[in-house]
There are 6 protein chains.
Amino acid sequence: MLSKNVEVFMGCDKGPRFASTMLFGAPFDSTTSYRPGTRFGSAAIRHESYGIESYSPYQDKDLEDANVIDLGDLELCFGDVNKALDRIEERTRHVLHASKRPFMLGGEHLVTLGAFRAVAAMYPDVHIIHFDAHADLRDDYLGAKLSHACVLRRCWELVGDGRIHQFGIRSGDREEFSWGRTHVSTRRFDFEGLEETLKELEGKPVYFTVDLDVMDPSIFPGTGTPEPGGVTFDALRQAVTLVCSRAKVVGCDVNELSPHYDQSGVSTIVACKIVREMLLALQP
Amino acid sequence: MLSKNVEVFMGCDKGPRFASTMLFGAPFDSTTSYRPGTRFGSAAIRHESYGIESYSPYQDKDLEDANVIDLGDLELCFGDVNKALDRIEERTRHVLHASKRPFMLGGEHLVTLGAFRAVAAMYPDVHIIHFDAHADLRDDYLGAKLSHACVLRRCWELVGDGRIHQFGIRSGDREEFSWGRTHVSTRRFDFEGLEETLKELEGKPVYFTVDLDVMDPSIFPGTGTPEPGGVTFDALRQAVTLVCSRAKVVGCDVNELSPHYDQSGVSTIVACKIVREMLLALQP
Amino acid sequence: MLSKNVEVFMGCDKGPRFASTMLFGAPFDSTTSYRPGTRFGSAAIRHESYGIESYSPYQDKDLEDANVIDLGDLELCFGDVNKALDRIEERTRHVLHASKRPFMLGGEHLVTLGAFRAVAAMYPDVHIIHFDAHADLRDDYLGAKLSHACVLRRCWELVGDGRIHQFGIRSGDREEFSWGRTHVSTRRFDFEGLEETLKELEGKPVYFTVDLDVMDPSIFPGTGTPEPGGVTFDALRQAVTLVCSRAKVVGCDVNELSPHYDQSGVSTIVACKIVREMLLALQP
Amino acid sequence: MLSKNVEVFMGCDKGPRFASTMLFGAPFDSTTSYRPGTRFGSAAIRHESYGIESYSPYQDKDLEDANVIDLGDLELCFGDVNKALDRIEERTRHVLHASKRPFMLGGEHLVTLGAFRAVAAMYPDVHIIHFDAHADLRDDYLGAKLSHACVLRRCWELVGDGRIHQFGIRSGDREEFSWGRTHVSTRRFDFEGLEETLKELEGKPVYFTVDLDVMDPSIFPGTGTPEPGGVTFDALRQAVTLVCSRAKVVGCDVNELSPHYDQSGVSTIVACKIVREMLLALQP
Amino acid sequence: MLSKNVEVFMGCDKGPRFASTMLFGAPFDSTTSYRPGTRFGSAAIRHESYGIESYSPYQDKDLEDANVIDLGDLELCFGDVNKALDRIEERTRHVLHASKRPFMLGGEHLVTLGAFRAVAAMYPDVHIIHFDAHADLRDDYLGAKLSHACVLRRCWELVGDGRIHQFGIRSGDREEFSWGRTHVSTRRFDFEGLEETLKELEGKPVYFTVDLDVMDPSIFPGTGTPEPGGVTFDALRQAVTLVCSRAKVVGCDVNELSPHYDQSGVSTIVACKIVREMLLALQP
Amino acid sequence: MLSKNVEVFMGCDKGPRFASTMLFGAPFDSTTSYRPGTRFGSAAIRHESYGIESYSPYQDKDLEDANVIDLGDLELCFGDVNKALDRIEERTRHVLHASKRPFMLGGEHLVTLGAFRAVAAMYPDVHIIHFDAHADLRDDYLGAKLSHACVLRRCWELVGDGRIHQFGIRSGDREEFSWGRTHVSTRRFDFEGLEETLKELEGKPVYFTVDLDVMDPSIFPGTGTPEPGGVTFDALRQAVTLVCSRAKVVGCDVNELSPHYDQSGVSTIVACKIVREMLLALQP
């Protein structure tokens, strides 16, 4: 067939009508504080997904059977944060209005705010499960309210206390940790208590945001702010599988892959496998 | 629009009916003798083409106006050379039968043989213009007849003496140079005589094959067999523009980008610009 | 002496009172359209300057004798373009008010706008000499007015027609080149006509902005938007020496080094030498 | 002494008469499906072996005392799989006929087939112990029977059911896992059960093939198909020591190091240490 | 403020009078046996320290409150080992005479000898706690007495038997291990017994030297002689915290970061965090 | 043949009796002032020489016909400069006493001193032709007399005024250039005057030392102290061919390749080709 090239995340080629999950990329990194480059994350994940298998021996499921479509990357304006967030919010709203589950690939963590605005508008009682090395609870970063270091604080403003459940946190300034104690639930360093949280949230809509830097940089060096002392790939794989198969996930994202910082390509492959396991676990 | 992601070389998104040139990738490198990795070439060119402009100040033309479609990459079998060449020949034949001009992105130089078989079948009087650092005229390489070091010799077997016009050659073994003297026309080191050759070939069908390693590795390090002492980017840009605007090019290819060997990404951008200038010069 | 570590560009350690030129870094890259990372440029230039000699055999001058102080890098807010530009403008104004010449190290090219605002306020009749691969004359980039692709257009708004003198331009969209024809003076590809321009501008205040990507990526791969077909190091060295020794330079900048994209470190050394030659040529 | 340069894996310089183990390289990667480059593996292991000590504190043994000779790399033809396998089989046969143990360094995993053909011809009752991330049990890969993804299937055709004992497998397509259940013994993810297997195989000839990608890519990124979720270096070190000291190893190989994908060089050092520990454990 | 640029390890900007710990770099690597480059270690640690937070959630302490000054790097002569060691000894003596604690950043491990000479002169009863992958107990290396492979042997000559307490050792030649048994205390592979050692040394002056290659190269590839099989970041973090908070540390160093061998930058960040945790634990 | 692996520079495998030129490596870099790593140069040149052809179309000669033996690398002691130089001198003397021409591959430039001592002892009237970016005429570097920055000064001490003929020099401190004016002959920036120098030196013994950094870092980034503004590969190729075919070269060296700084491998290939052209031109 002599037609235009279609390129999707492995196996995510179902027609828009049949898909229940819609994947899209949000290549944006203008507020990254340390090392930029996550703008290349979503395309790298799509492109390198062919380096892994569509079948998971962990779940005994295959992406060939999954109802997912990959819509490609948004075109976002670097340097204009509001425009970029609006564009992400709009796309997420379209997906939600089509009764599909949005699954966004970052980009830096701030992109979560765009998607979450649309999700919170449709599900006012939504909770957030947040995996990350960083608390991301600053009120501002060098004066900027819209920074990847503040993204969960901005989300909190939309839903209030008791709705954010953080795991794996191991970095932040003194005030973030202190403020967090009274407003969000923070599990430091690992995923202990995740099962309990999932029980609590049973039946409630959940937005699930995974900052891949929750993993140790030994296995995931390709990120903007690597934090030694993180969880293993297997720990994260099990945790995301748990959330995606147990919680009522109405939207989710995976972010902070900065592929150029890992010449070996391993970080991208790691991201691909986490995405694969999440997509498979989301399948009924 | 919530539809499957389409990814093409910048501006090469015309419908198959309206396109006059059809771009496709041949990601193959199994016979590469020194450093493999050209299999990643065509996808890198497609992906990074957005790093340059669609408008050329050299030709004052814009790819937005060009009638080109990008069909994407073939799926080729590594390790089975015959199968891979057959697949390339078949694709080229389809394009020719649709009355379009095939424009192939390698891959290693052996892929030229697949495309040229189809071209020579349709145009028995075809000539080859060949830009390269290497003569590629060996009869075999360690016993293998199908090797990127032998590709022009295999093409010669299809058309005979006096049909191959090489430029820029600066590497080969003693026998290649010696054999070449009586069978092909070889200009060493640069493009001198190209205008004369083009005059000679006026009105005759031409297959144009560009091994990007004809350039000096200072500007094009991302290749399998870098050969210091090559031509500049500007010299190549002018030469390909000349060929594509003057000769009756019935098929062409650009090959031997091995992007992983150039962490700076410059080699890929160089390839993108050469492809852009060729596509623009091919436009009537 | 057991005191806090001082770190400056080689030889730029004169006291603030005695210095006539003040060097400072503007580590910002939030609007970069293709590949970010110029935020690391100024610090890399400072740090690696010790890899070259303070003495120039080209000019037979030594930085040890130059009256320059290095003030270090500004702390700029990623993601908030206006705040960053204000901060740069403020610093430039302070330097100008102290009767010193500001010499800014980028960062992406947009930082020029911040410095130029302060310069144009003090010298309303100022001209700009602009070395670049890119015209940077877009009215907006994906809707954003403050983008590195628009910086000279924004500068034009401050001073009007006939004040901007571009050299080396080899990339842009069709409209930029077309608009430029009636508003600025553009020399494509090289520095021809630079002497004439300098004669014209004799005695007039000049702001000199050097986008290092005017050089060919063979010698300067470490940049966000490499454009093959550029000038050589020697051509640029001679041109900047000419401008700095002949024109009445009231402010200048050197930008767009993105060091992480050149693992060999050569791009940073190239930037260091260009800065050295400029600083020496600026010495009376 | 003014004689030709001899280069061997550290300590493997015993005369051919006295050596009991013969090391040789099989630099071949033409069928690699994802990222090629294992052709550089054996030479890198030889060259970098001087970065580690010849003494192992784990086993309290020293390579200086080991009876090993390093024969260097075979010259293999890229692009002609059958020729390459024949050449490997021939070399292995020579070693076996000299009553020595062949120890081959890959190259991609397909090279195992060449060596195993010679081994199985001499020891028809031979078993295979196979450490790998991938099952390698496909019947074909995109139509090719001779692919690194099919190598254990090809070996199975030589010896039949119940002879292949896999450990560490964590990737494959659905059919491989399904087929494997009735034909080979597969331990997923780790080395549990290895001691039992060794007991079973006591006294029987064993061919031992180690695909280094069985390790987690955090410690071994330099490979063609990295699979997150693998075993640690220490787990592999202990397991290979166990096999080499307990089983009757009549031949073995270590493969799939692709050194260019690990700029840090760590993967090569890891491979060197695994080879050292195996060589030491093989010493009586 | 228009003054010369001051650059220090994050938060280490206290005035020399108020500081209790003085940080300085010893960029030297002339005796490195395998891969040089640790000369860039101290500057990289200083420069990249801004990529982590000053606050530690592990210790709930903040570097902003720590009494530390960073004096910058010594200028050391490559190729003249004695001159370099003298210069380091002199600097250490100055710090000690100012009643401050010297905290040196290497450089290769031999720099420890320079600092330890000054420390041992002031504290003749000093013990050494030594974390390392390598025993460093050779009497000479290819005839040289002053080599990083001999540094602990040279230190032993200053203080004698029973004073050196090694942990994590997993590499050396046969004689080092054998000699070590009767002269120093060596814990192989990990930190078991550290608490007991700290109890023994209670109240006694301790020099603490941390060779970062004690960590596994999965998390710390950026070093001259990577040794697979090392401790995790968390294990080292806990162990250094223990030593720095419990022992009477009169001087310490952290060495063997060779940043260019880790393009991802993770190794440098790892070093920064270890230094941060040590500085915080040293605070009363 | 089951014998120990022999590894030589391509084609340099003639028996010691028949060889007229003896190649050997001097892997040493302890005095390198900026970026070390040339210790890996000679082995890289040997290893990668198989990436080029043995036949030169420039000279129409083939290394297969050349009478050269490659003796491999010396084992040199890092950190002990005198020992290393003695070892080099001894090896050179052995080669000279066997009536062969020594051809040394560095290593840093200081290794020239070791070889030149032996050459000057045998040929007291020897001249030096020196290609380099750096004058290397300092009396000392930070107090060290034996530094790569002083190597030609040390050579001068052996032979006196009028014997050293430098070409291509473009970097040094003020004093070097000044001192040089009265003691050596220095051509700055290029090779102008080389023919005249060769005429002058006709019949006189010449030691020829090539610091590869005389080339522009665009084509030779893999070196310790890259200096933009150098000569092209072709200019150097022609110049070395001229010297080797015209002068009475009694010894020579090629140095300052630091391969790890050029991930693309091009610098090593450049070095290989320069060595090939020199070896061929030295053949009668």
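As shown above, the structure is provided for reference.
Residues numbered from 1 in each chain as written. Chains lettered and ligands numbered in written order. Predicted model: local features only at pLDDT ≥ 70, side-chain atom pairs only at ≥ 80, totals over all residues. Heavy atoms only, no water.

Participant: Any chance you could explain the sheet that holds strand S9 (residues 205-211) of chain C here in plain terms?
Facilitator: Pairing between the strands of a sheet is mediated by backbone hydrogen bonds and can be parallel or antiparallel. All names here are of chain C. With parallel pairing, 8 strands are arranged side by side in an open sheet as S4-S1-S5-S10-S9-S6-S7-S8. Of all strands in the sheet, those with a lone pairing partner are strand S4 (68-73) and strand S8 (185-188), marking the two edges. Going from strand to strand, the sheet's axes swing by 15° on average, the running direction of each strand aside. The pairing of strand S6 (residues 127-131) with S9 spans 5 bridges and is parallel. Looking across to S9, one finds that His130 is bridged to Thr209. (Pairing = 2+ DSSP bridges. Helix = DSSP H or I, 4+ residues; strand = E, 2+ residues; numbered from the N terminus. Axes fitted to C-alpha atoms, helices over the stretch in contact; angles between N-to-C directions.)

Participant: I tried to follow the relation of the copies chain E and chain A on my own but got confused; where do I start?
Facilitator: Two copies of the chain are present, and they differ by a rotation about an axis and a shift along that axis. When chain E is fitted to chain A, the residual RMSD is 0.0 Å, and the transformation amounts to a turn of 120° plus an axial shift of 0.0 Å. On the angle and the small slide along the axis, the relation comes out as a three-fold axis. Among all residues of chain E, the one whose C-alpha sits closest to the rotation axis is Ser218 of chain E, at a distance of 3.0 Å. Mapped onto chain A, only 11% of the interface residues of chain E again fall at the interface, so the copies present different surfaces. (Least-squares fit on C-alpha atoms with pLDDT ≥ 70 in both. Contact = heavy atoms within 4.5 Å.)

Participant: For this particular structure, what's the right way to read the arrangement of the chains?
Facilitator: In this structure chain B stays clear of chain E, and the shortest span between their C-alpha atoms is 11 Å. Contact between chain A and chain F is absent, and the least distance between their C-alpha atoms amounts to 11 Å.

Participant: Whenever I open this one, the sheet that holds strand S9 (residues 205-211) of chain B confuses me. Can you help?
Facilitator: Residues and elements named next belong to chain B. Taken in spatial order, the 8 strands line up as S4-S1-S5-S10-S9-S6-S7-S8 in an open sheet, and their pairing is parallel. Looking at which strands have only one partner, the edges of the open sheet turn out to be strand S4 (68-73) and strand S8 (185-188). For this sheet, the mean angle separating the axes of adjacent strands, direction not counted, is 15°. Where strand S1 (residues 21-26) and S4 come together, 4 bridges link them in parallel fashion. Across the sheet, the residue bridging to Thr21 is Val68, located in S4.

Participant: Help me understand the interface of chain E and chain A, please; the structure alone is not making it clear to me.
Facilitator: In many analyses, interface size is given as the accessible surface area lost on bringing the parts together. The interface is formed by 19 residues belonging to chain E together with 24 residues belonging to chain A. Around 1900 Å² of area is buried between chain E and chain A when both sides are counted, 52% of it from carbon and sulfur atoms. When the area that chain E buries against chain A is broken down by residue, the three leading residues are Glu53, Tyr55 and Pro57 of chain E, summing to 28%. Counting across the chain E and chain A interface gives 4 salt bridges. Across the pair Arg174 of chain A and Asp62 of chain E runs a salt bridge, and its minimum N-O distance is 3.5 Å. One can count 9 residue pairs in polar contact (both at pLDDT 80 or more) joining chain E with chain A. Of all the secondary structure elements, the ones that give two or more residues to the side of chain E that touches chain A are helix H7 (233-246) and helix H8 (266-282) of chain E. Ranked by residue count, the leading element in the side of chain E that touches chain A is H8 of chain E, at 4 residues. Residues of the side of chain E that touches chain A, tallied by class, amount to 8 nonpolar, 5 polar and 6 charged. (Buried area = accessible area lost by both parts, 1.4 Å probe. Salt bridge = Lys/Arg side-chain N within 4 Å of Asp/Glu carboxyl O. Polar contact = N/O pair within 3.5 Å; in protein donor to acceptor, adjacent residues only side chain to side chain. Nonpolar A, V, L, I, M, F, W, Y, C, P; charged D, E, K, R; others polar.)

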